[in-house]
Amino acid sequence: MLNVSIYRYNPEVDAEPFMQDFEFDAQGKDLMVLDVLEKLKVEDPSLVFRRSCREGVCGSDGVNISGKNGLACITPLSEAVKGNKLVIRPLPGLPVIRDLVIDMAQFYAQYEKIQPYMINNSPAPAIERLQSPEERAKLDGLYECILCACCSTACPSFWWNPEKFIGPSGLLQAYRFLADSRDTATEERLSKLDDPFSVFRCHGIMNCVQVCPKGLNPTKAIGHIRNMLIRSAT
Amino acid sequence: MVTSVTSFGRSGLSDWLVQRVTAIVMALYVLFVAAFLLATPDLGYSQWAALHKSLPMRMFSLLTMISIAAHAWIGMWCVLTDYITVRMIGPKATAIRIFFQLGMISMTLLYLLWAIDILWGI
Amino acid sequence: MANIRTMSFDAVIVGGGGSGMRAALQLAQSGYKTAVITKVFPTRSHTVSAQGGITCAIASDDPNDQWQWHMYDTIKGSDYIGDQEAIEYMCQTGPEAIFELEHMGLPFSRTKEGRIYQRPFGGQSKDFGVGGQAARTCAAADRTGHALLHTLYQGNLKNKTVFLNEWFAVDIVKNADGAVVGVVAINIESGESVYVKSKATVFATGGAGRIYASTTNAHICTGDGVGMALRAGFPVQDIEMWQFHPTGIHGAGTLVTEGCRGEGGYLINKDGERFMERYAPNAKDLAGRDVVARSMVLEILEGRGCGPDGDHVYLKLDHLGEEALNAKLPGILELSRTFAHADPVKEPIPVVPTCHYMMGGIPTNVDGQALTVDREGNDQVIEGFYACGEAACVSVHGANRLGGNSLLDLVVFGRASGIFIEKQLREGISLKDATDEDIQRAMVNLNRVNQSVDGENASVLRAELQSIMQNYFGVFRRGDYMKLGVEKLDKLRVRVENVYLDDKSNGFNTARIEALELLNLFETAYATAIAAEGRTESRGAHAREDFQDRDDENWLCHSIYFPGSKEIGKRPVNFTLKTREPFEPKIRTY
């Protein structure tokens, strides 16, 4: 039997959060952590977590699994269980709404701040805007972000200054548009990033790179933004 | 864009660049002094004073002192804006942070003036 | 007395997936007060899981490609019960809709010429079926749905659409004239119920693959729109038509794109034989999805399945080479390694046909207006009510959807609904206000769940429902089995309607949402069962062992299920094209 310890907090009922222990029989299968949560919810329907696609592309079920942020649906027990114990907590650093569900408003606000959409005011052609495969390749490793918040909630700089530091996820997306040959707002975008917090609170800790479930590298993207700032300001 | 009146260069990029450049200056100074000490096995007061009386060395020392001051300002400002915040310690944080920031800036400038006094007082 | 708060909008879109956000974008750009009610944050919608691409004749791979050929393929693929007028509109308008997405920033893969990359998909041909395989599916690697959904969300942010994120629509509010004037919705985070009033209510609620035990669909695909429409007394069309995708990962159910076969992968049985050569000598592994799925099941039934239980076949990709796989199918490598414990670079992926797509849904016209059928058999528009995307049946997919056509359906008809509603709003919409009783009527189910004192938990009932649907209404269907299935569903209905909610707390109570979703799943499943039992022929995805042939004399028509009488009727298929003579039904071979 596997010991599963889950963070519980329902503000309507509980005075304060607590860890609840469950005994779980995986029947020798290497289930995903989400499978475990689903099965436990059958026993205790009051257990609350987000989930949708269950294949690692929607970004709903980011949680802290035995100390490391990740997606419950693509983290197998073989990776998550340490000494017959599985500990599941909400992603750290953002307010908890209930159990494993966090309030992501601050995370989304930072995403919106970087103007996450194409800006190109020149008249559009009758067909697509052309882009070479080489130019398009610059977007690889950037556009795949699923906004699961595993990275930003693993980042100490984001913990301390979530209102001011954009965080790894937002910065990865900022670079996704800076790197796009079709976007023409480079200067405008850069001018909004040149303060001591938005980009420069990144101290290269690289927790984001370590936890990203899609294998993306926000630290590298932040480095590219910094280089672009240097090029445009010197 | 977040504005910051007590930061060193008021711009993230300039702070970042200053931080790197000052680090290089400090590293060079340490290397130079270390090399001088190694190359002068029986070092006495006269040699040490002669070194520091020369104008190039005075300039180098001054540059390093300024670098230390700038580096410390930026670094301390980061630390204070990480930990002395409303999020971390409650509503009085802003007043406390300004107090520490101004204290830190005053101390830094004071140390710098003191260093100049020492350098040119030899 | 309905003592709940009211929020008013010009247009409300229920569902934040591809079609909902495309409709919302159109309306937000027009300046009308628009809100999107979505039970998950928009980028968590199931559109995100679409992989291979969006089929459209943009003439990139082949400069001489024509949208008319795409139209022909789609009509043939639908087994001739797709409405030709709607298919013509989709294929003709498609390129414009795709280019708009590209201008919005969608990161399509590219050709050397800098144009959008297109790959071959099943059922695609040139020159009306005689010019060989076409490559018409526009792709962003194998993450096209993700790229599309994020681009649409970004477009909506740019245009300041109001999102009611993590709100769940419970039921439709109808006024005294039977017109739709909004929905009752729950704010999941607070638990508050609100009457969301609207002049135009668009259902873009997606599919309901979760009625089956094995599905590629997300947990959230629970047929909420179809369930609400049925409870409001509105009919659904062709709901027996469920697509089983040939390549779901065995055991996990996760999707492996048809693009794998488009890029040169193929299916093999336990003897290593490329068996599709026998079933579809010309198109082989790129025959229609219904054809491939049935062939796979036949291989398994005849003892040529793979694995210790012989219950799946293999999808072979390793011959394509690691470099090509990394460039074109990186997401598939990831999924296969995670869920099948198989590295496609070295070994084949175990796959099995898995419930994937609901071809049926709320019947609509090309403008997205929801339809019902009166006693004389005439179409009647339901005032104030619109549908688009998988929840709707416009019908461009008929009895079998071609790969890559769902994303096109989403953007073309999401856009069309938006354009039409904008026009109507400009001309002025006046619908009678809902009375307190009208609103109260839309809260009956919610109140019942909230006040439940006994009964069974939703998860138990859901599992039972899924197993009935899987066993009695799967890839192959038989009258006597289906009768038995309907009997089981009748018994289950009583228990589902008495579903028990133990946890009555307000804030983020997902058990409450799952109980309400169960009601929607059940209505969708029940309609499927009745319609499947009623259609006494085999057509497209609907394959009956007791009626193995297509019966154009009796069934070249839509089925239409009426929730009041729980019976099906027939609705004629549209055979009018604006640009040429309609395509007459032919025997469908690949």
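Residues numbered from 1 in each chain as written. Chains lettered and ligands numbered in written order. Predicted model: local features only at pLDDT ≥ 70, side-chain atom pairs only at ≥ 80, totals over all residues. Heavy atoms only, no water.

Chemist: Help me understand the overall build of chain B in this model?
Modeler: Check the secondary structure of chain B and you find five helices and zero strands. Counting helices and strands in the order they occur from the N terminus, chain B gives α-α-α-α-α. Relative to the globule expectation of 14 Å for 122 residues, the C-alpha radius of gyration of chain B, 18 Å, shows a markedly less compact shape. If one aligns the C-alpha atoms of chain B with their principal axes, the spans along those axes are about 60 × 25 × 20 Å. Looking at the 122 residues of chain B, the share that counts as buried comes to 38%. At a minimum sequence separation of 6, the contacts of chain B that also span at least 24 residues come to 63%. In the form shown here, chain B has an accessible surface area of approximately 7,400 Å², with 77% of it arising from carbon and sulfur atoms. (Helix = DSSP H or I, 4+ residues; strand = E, 2+ residues; numbered from the N terminus. Rg over C-alpha atoms; globule rule 2.2 N^0.38 Å. Buried < 20%, exposed > 50% of the residue type's maximum accessible area, 1.4 Å probe, protein only. Contact = heavy atoms within 4.5 Å. Areas by Shrake-Rupley, 256 points an atom, 1.4 Å probe, with all protein chains shown as cover.)

Chemist: What is the right way to look at the pattern of salt bridges in this model?
Modeler: With the rule as written, the count across this model stands at 65 salt bridges over all chains. Note that D180(A) is salt-bridged to R176(A), the shortest N-O span being 3.0 Å. Judged on exposure class, the residue D180(A) and its partner R176(A) are both buried. In this structure, R415(C) engages E96(C) in a salt bridge whose closest nitrogen and oxygen atoms are separated by 2.8 Å. (Salt bridge = Lys/Arg side-chain N within 4 Å of Asp/Glu carboxyl O.)

Chemist: How do you make sense of the arrangement of the chains when you look at a structure like this?
Modeler: Contact analysis covers two pairs of chains in contact, and the most contacts occur between chains A and C. If you take every C-alpha in chain B and every C-alpha in chain C, the smallest gap between them is 18 Å, and the two do not touch.

Chemist: What is the right way to look at the interface of chain A and chain B in this model?
Modeler: When the parts come together, some accessible area is lost, and that loss is often what is quoted as the size of the interface. The partner chain B presents 17 residues to the 21 residues of chain A that form the contact. Of the roughly 1,800 Å² buried between chain A and chain B, counting both surfaces, carbon and sulfur atoms make up 63%. Per-residue buried area on chain A facing chain B is highest for W160(A), P196(A) and R201(A); these three make up 34% of the total on that side. Linking chain A to chain B there are two salt bridges. Of the charged contacts, one joins D82(B) and R201(A) as a salt bridge, the two residues approaching to 2.8 Å between their closest N and O atoms. Between the two partners, chain A and chain B, sit eight residue pairs in polar contact (both at pLDDT 80 or more). Counting only elements with at least two residues in the side of chain A that touches chain B, the list comes to helix 5 (156–160) and helix 9 (218–233) of chain A. The element that contributes the greatest number of residues to the side of chain A that touches chain B is helix 9 of chain A, accounting for four residues. Of the residues in the side of chain A that touches chain B, the class split is nine nonpolar, five polar and seven charged. (Buried area = accessible area lost by both parts, 1.4 Å probe. Polar contact = N/O pair within 3.5 Å; in protein donor to acceptor, adjacent residues only side chain to side chain. Nonpolar A, V, L, I, M, F, W, Y, C, P; charged D, E, K, R; others polar.)

Chemist: For this particular structure, what's the right way to read the pairing of strand 5 (residues 133–138) of chain C?
Modeler: Note on strand geometry: in a regular strand, side chains alternate between the two faces of the sheet. Residue and element names in this part refer to chain C. In terms of burial, strand 5 is a largely internal element, five of the six residues being buried. Summarising the sheet, strand 3 (residues 54–55) and strand 5 pair through two bridges and their orientation is antiparallel. From the neighbouring strand, I54 faces strand 5, where its bridge partner is C138. In terms of strand pairing, strand 4 (residues 118–125) meets strand 5 through four bridges, oriented antiparallel. Looking at strand 5, one finds that P120 is bridged to A135. (Pairing = 2+ DSSP bridges.)

Chemist: In this structure, what is going on with the environment of E584(C)? I would like to understand it.
Modeler: Relative to the assigned elements, E584(C) resides in the segment after strand 22 (567–572). Spatially, the C-alpha atom of E584(C) lies 9.5 Å from that of I75(C), the residues being 509 residues apart in sequence.

Chemist: Please clarify how a nonpolar patch on the surface should be interpreted in this entry.
Modeler: Residues and elements named next belong to chain B. Together, V79, Y83, M88, I89, I96, F99 and F100 give the surface a local cluster of nonpolar side chains, amounting to about 660 Å² of exposed area. Every element with two or more residues in the nonpolar patch is listed here: helix 3 (55–83), helix 4 (86–89) and helix 5 (93–121). The greatest single-element share of the nonpolar patch, amounting to three residues, is contributed by helix 5. Of note, V79 is situated in helix 3. A relative accessible area of 41% places V79 in the partly exposed class. (Patch = residues over 30% accessible without salt bridge, like charges linked within 9 Å, V, L, I, M, F, W, Y side chains within 5 Å.)

Chemist: Which parts of the structure should I look at to understand the packing of helix 1 (residues 12–39) of chain B against helix 3 of chain B?
Modeler: The packing of two helices is summarised by the inter-axis angle and the distance between the axes. All names here are of chain B. One can describe the packing of helix 1 onto helix 3 by two numbers: an axis separation of 8 Å at closest approach and a directional angle of 135°. By the angle between their directions, the pair helix 1 and helix 3 is classed as oblique. Our pair here, helix 1 against helix 3, has a crossing hand that is left-handed. Residues D15, V18, Q19, T22, A23, V25, M26, L28, Y29 and F32 of helix 1 form the contact with helix 3, whose own contacting residues are M57, F60, S61, L63, T64, S67, I68, A70, H71, I74 and G75. (Axes fitted to C-alpha atoms, helices over the stretch in contact; angles between N-to-C directions. Parallel < 35°, antiparallel > 145°, perpendicular 65-115°, else oblique. Left-handed = near helix turned anticlockwise from the far one by under 90°.)

Chemist: Explain the interface of chain A and chain C to me, please; I cannot follow it from the model alone.
Modeler: The interface is formed by 59 residues belonging to chain A together with 60 residues belonging to chain C. When the buried area of chain A at its contact with chain C is split by residue, R54(A), E55(A) and E128(A) rank highest and sum to 15% of it. A salt bridge links R50(A) to E166(C), with the shortest nitrogen-to-oxygen separation between them at 2.6 Å. Linking chain A to chain C there are 34 residue pairs in polar contact (both at pLDDT 80 or more). The element that contributes the greatest number of residues to the side of chain A that touches chain C is helix 1 (residues 33–43) of chain A, accounting for four residues. Tallied by class, the residues present in the side of chain A that touches chain C amount to 34 nonpolar, eight polar and 17 charged.

Chemist: I would appreciate a short explanation of the sheet that holds strand 4 of chain C in the present structure.
Modeler: Within a sheet, neighbouring strands are paired by backbone hydrogen bonds and run either parallel or antiparallel to one another. Residue and element names in this part refer to chain C. Pairing within the open sheet is antiparallel, and its three strands lie in the order 3-5-4. In this open sheet, the two strands that pair with only one neighbour each are strand 3 and strand 4. Along the sheet face, helix 2 (residues 67–77) touches strand 3, strand 4 and strand 5 and points at about 50° away from the line of strand 4.

Chemist: How should I be thinking about the sheet that holds strand 3 (residues 62–65) of chain A in this particular structure?
Modeler: Residues and elements named next belong to chain A. Read from one edge of the open sheet, five strands run 2-1-5-3-4, paired in mixed fashion. Each edge of the open sheet carries a strand with a single partner, namely strand 2 (18–24) and strand 4 (68–71). Taken over all neighbouring pairs, the strand axes of this sheet differ in orientation by 30° on average, direction set aside. Bridge analysis of strand 3 against strand 5 (residues 85–89) gives two bridges, and the strand direction is antiparallel. Bridging across to strand 5, I65 finds its partner in I88.

Chemist: Teacher, can you tell me more about the side chain of S125(C) here?
Modeler: All names here are of chain C. Here S125 lies in strand 4. The exposure class assigned to S125 is buried, which follows from its relative accessible area of 9%. A distance of 3.0 Å separates a polar side-chain atom of S125 from the backbone nitrogen of G129. Sequence-distant contacts of S125, that is, excluding residues within four places in its chain, are made with W69, Y72, D73, G132, A134 and R136.

Note that all results are geometric; they support no functional claim without further evidence.
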